[in-house]
Amino acid sequence: MALSAPAALIGAVELRVTAAAHRRGEFGYVLARSAWGQGYATEAAATVLTYAFEQAGLHRVAATCDPANVASRRVLEKIGMKYEGHLHDYLHIRGEMHDRLLFAAVHP
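Presented here is an overview of the structure given in this document. By convention here, each chain's residues receive numbers from 1 onward along its written sequence. Given that the model is predicted, a residue must reach a pLDDT of at least 70 before its local features are reported, and side-chain atom pairs must reach 80 or more before they are shown or counted; all residues, however, enter totals for whole chains, interfaces and linings. The basis for every side-chain value is the complete set of heavy atoms in the structure, and neither hydrogens nor water enter the calculation.

Brief notes about helix α1 (residues 40-54)
Side chains of residues three or four places apart in an α-helix project in the same direction, reflecting 3.6 residues per turn. Put simply, the rule reads: The secondary structure listing takes helices from DSSP runs of H or I that are at least 4 residues long and strands from runs of E that are at least 2 residues long, numbered from the N terminus. In a helix, the anticipated span is given by 1.5 Å times the number of residues less one. Accessibility here uses a 1.4 Å probe with only protein chains present; expressed as a share of the type maximum, an area under 20% marks a residue as buried, one over 50% as exposed, and anything in between as partly exposed. The arc refers to the directions leading from the helix axis to the C-beta atoms. We call two residues in contact when some of their heavy atoms are within 4.5 Å.
End to end, α1 covers 21 Å across 15 residues, agreeing with the expected 21 Å (1.5 Å per residue, within 8%). Taken residue by residue, α1 has A41, T42, A44, A45, V48, L49, A52 and F53 as its buried positions. Buried residues in α1, looked at end-on, bunch into an arc of 165 degrees, giving them a common side. Exposed and facing more than 90 degrees away from the buried side of α1 are E43 and E54. In this fold, the buried residues of α1 make contact with β3 (11-19), β4 (24-31), β5 (60-65), α2 (70-78) and β7 (96-106).

Overview of the pairing of β7
Note the threshold: Between any two strands, at least two bridges found by DSSP are needed for them to pair.
Pairing between β5 and β7: six bridges, direction antiparallel. The residue bridging A62 from the neighbouring strand is A104, located in β7. Across eight bridges, the pairing between strand β6 (residues 82-93) and β7 is antiparallel. Bridged to L91 within β7 is H98.

And the structure:
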C-alpha cells in the first residue's frame, strides 16, 4: 500500500495458497502505526479477499490476529470473515509463544 502524496509505504498484504487442491488460502497484513484508524487495513483486506475468491479461485480463505488487537479483529469481521476459534501457542515470536484468533470466509 502506498499513499499518493507524499508517496510513502504504509503497509503490506500477503495472500498465499496453502492447499491448491482444496482451493484454500490465508492472508495477513501489517500497517504502519501512523496509518491506523484511517480505513486502509479494511480496504486492503477486502480487496485481497475479493481477489482470492474472484481471481485466484480460492474457496476458503483464513486469517489470524492477536487476541489483544481489537481493531484487527474488527477489520476481519467488517469484511465478512467469521470467528472460528482461539489458537493457543500458535506463533513463536521473539522467543515467546503467542495465541491467535482464527477467522475465515468461504466463497458463496
